[in-house]
Amino acid sequence: MSTHPSLHEEAGILAILPLPVLVVGADDRLAYANAAAETFFGFSLPVLRRQRLADLVPFGSPVLAMVQEVRERGAGVTGYQVALALTRTQEERIVDIYAAPKGSGDDDADNAVILLLQERTNAEKMGRQLTHRTAARSLTALGAMLAHEIKNPLSGIRGAAQLLETVVPADDRVLTRLICDETDRIVKLVERMETLGEGRPLVRAPVNIHDVLDHVLRLAQSGFARHIRFVQQYDPSLPPVDGNRDQLIQVFLNLVKNAAEAIGEGAEDGEIVLTTAFRPGVQMQVAGRERVRLPLEIGVRDNGPGVPADMLPNLFDPFVTTKTGGTGLGLALVAKIVGEHGGIVECDSVARRTTFRVLLPVLTLRDGREATAAP
């Protein structure tokens with residue numbers, strides 16, 4: 001007796017999903033569409049069943065290529081920030097698409113593909129990578145301005161305070177010391193902004209991401225995260241990244257430090273999970289360019305209280321922070337560095353489970369092929 005759900009059962013499952021779902025048959029005709037898909041495309045199910053996928057989207061649409069790729073590979077493909085133009089309304093929507101083989105066991109279904117669409121909100125339509133690059137450009141300008149307009153006068157203020165310290169009564173020296181300390185603190189803040197604003201070309205080399213994570217782990221366990229248990233869930237066959245080792249260390253050191261601070265000093269069950277995985281179907285649409293594959297996924301997960309939902313959309317913007325006394329520059333720096341490496345960083349958070357995922361491209365060899373093994 002078959003253990004596969006019946007077509008009626010499958011339709012019932014798909015119908016309740018709030019996201020548009022299409023089943024594209026082996027002949028490229030639409031075998032099924034749920035209610036959300038009817039709303040999305042502006043056609044009823046009977047009308048959609050008379051359509052081919054190519055009737056709904058223009059020639060050359062990325063979704064057509066994704067369906068073909070699923071059939072050729074026999075595995076799921078995920079496309080981030082895909083520009084999906086609709087033939088009927090002539091409008092373009094930015095969506096994340098998950099495409100997977102239906103695989104119900106019969107020959108006709110072997111080439112059927114399920115498409116799940118998730119339209120991005122208006123705040124996200126600029127794209128993760130574009131948002132981060134815009135933030136990076138703002139930080140570059142702001143860093144340069146701060147360095148020029150603020151850092152130089154601070155040395156004069158500090159020097160004057162040191163001179164005053166030699167002539168004022170001992171009881172007043174606490175005030176001159178306060179001036180020096182606060183000046184030093186501002187200098188450090190400006191230096192961090194200078195780091196964000198550096199526009200020098202990225203010096204790249206093949207980087208084994210596990211070496212980076214091991215280095216970060218040693219730093220964390222010998223210092224700020226010595227009270228936290230670490231779990232490593234690695235894919236040992238991960239290929240190398242074409243990147244800058246020092247900057248990637250900075251990225252994951254910032255993420256691990258944030259996770260440790262979220263857990264707090266007093267937590268008895270604090271845990272940080274470091275993960276790596278190869279996701280061959282993950283892609284991203286870059287404006288004006290072809291789709292970019294981002295198969296390397298590195299995750300940092302903690303069991304802290306989580307990020308407030310209203311802060312998630314702006315978490316990587318400069319000066320946005322959940323920490324008392326924080327500057328809000330750490331995650332902005334993470335987004336800048338990851339963007340310069342051609343990747344994206346995203347965060348999912350609920351209570352007791354916050355995960356930062358960094359998606360990166362694989363090192364491309366001189367002959368155009370992707371590297372298959374870490375150095």
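This report concerns the structure included in the present document.

Thresholds, definitions, all that
- Residues numbered from 1 in each chain as written.
- Predicted model: local features only at pLDDT ≥ 70, side-chain atom pairs only at ≥ 80, totals over all residues.
- Heavy atoms only, no water.
- Helix = DSSP H or I, 4+ residues; strand = E, 2+ residues; numbered from the N terminus.
- Buried < 20%, exposed > 50% of the residue type's maximum accessible area, 1.4 Å probe, protein only.
- Contact = heavy atoms within 4.5 Å.
- Areas by Shrake-Rupley, 256 points an atom, 1.4 Å probe, with all protein chains shown as cover.
- Phe/Tyr/Trp six-rings, centres within 6.5 Å; stacked < 30°, edge-to-face > 60°.
- Expected span 1.5 Å × (residues − 1).
- Patch = residues over 30% accessible without salt bridge, like charges linked within 9 Å, V, L, I, M, F, W, Y side chains within 5 Å.
- Salt bridge = Lys/Arg side-chain N within 4 Å of Asp/Glu carboxyl O.

**Thoughts on the overall build of the chain**
What the chain contains, in helices and strands, is 11 helices and 14 strands. Sorting the 375 residues of the chain into buried and exposed places 43% on the buried side. A sequence separation of at least 24 residues applies to 63% of the contacts in the chain between residues at least 6 apart. Summed over its atoms, the accessible surface of the chain is roughly 19,600 Å², and 55% of this surface lies on carbon and sulfur atoms.

**Points about the packing of aromatic side chains**
Taken as a whole, this structure holds 2 aromatic pairs when the rule is applied. Where Phe-40 meets Phe-41, the ring centres are 5.0 Å apart and the plane angle is 75°; that geometry is what we call edge-to-face. This pair shows no difference in class: Phe-40 is buried, exactly as Phe-41 is. Look at Phe-316 and Phe-356: their rings are 6.1 Å apart centre to centre, the planes differ by 90°, and that puts the pair in the edge-to-face class.

**Side note on helix H5 (residues 62-73)**
Because each turn of an α-helix spans 3.6 residues, side chains separated by three or four positions end up pointing in the same direction. Here H5 is 12 residues long and its end C-alpha atoms lie 16 Å apart, about the 16 Å a rise of 1.5 Å per residue gives. Residues of H5 that are buried include every one of Pro-62, Val-63, Met-66, Val-67, Glu-69, Val-70 and Arg-71, and no others. Phi turns positive one or two residues past the end of H5, at Gly-74, with a value near 70°.

**Here's the deal with a nonpolar patch on the surface**
Taken together, Val-174, Leu-175 and Leu-178 make up a surface patch of nonpolar side chains, about 300 Å² in accessible area. By the element assignment, Leu-178 lies in helix H8 (residues 173-197). Classification of Leu-178 as partly exposed rests on a relative accessible area of 47%.

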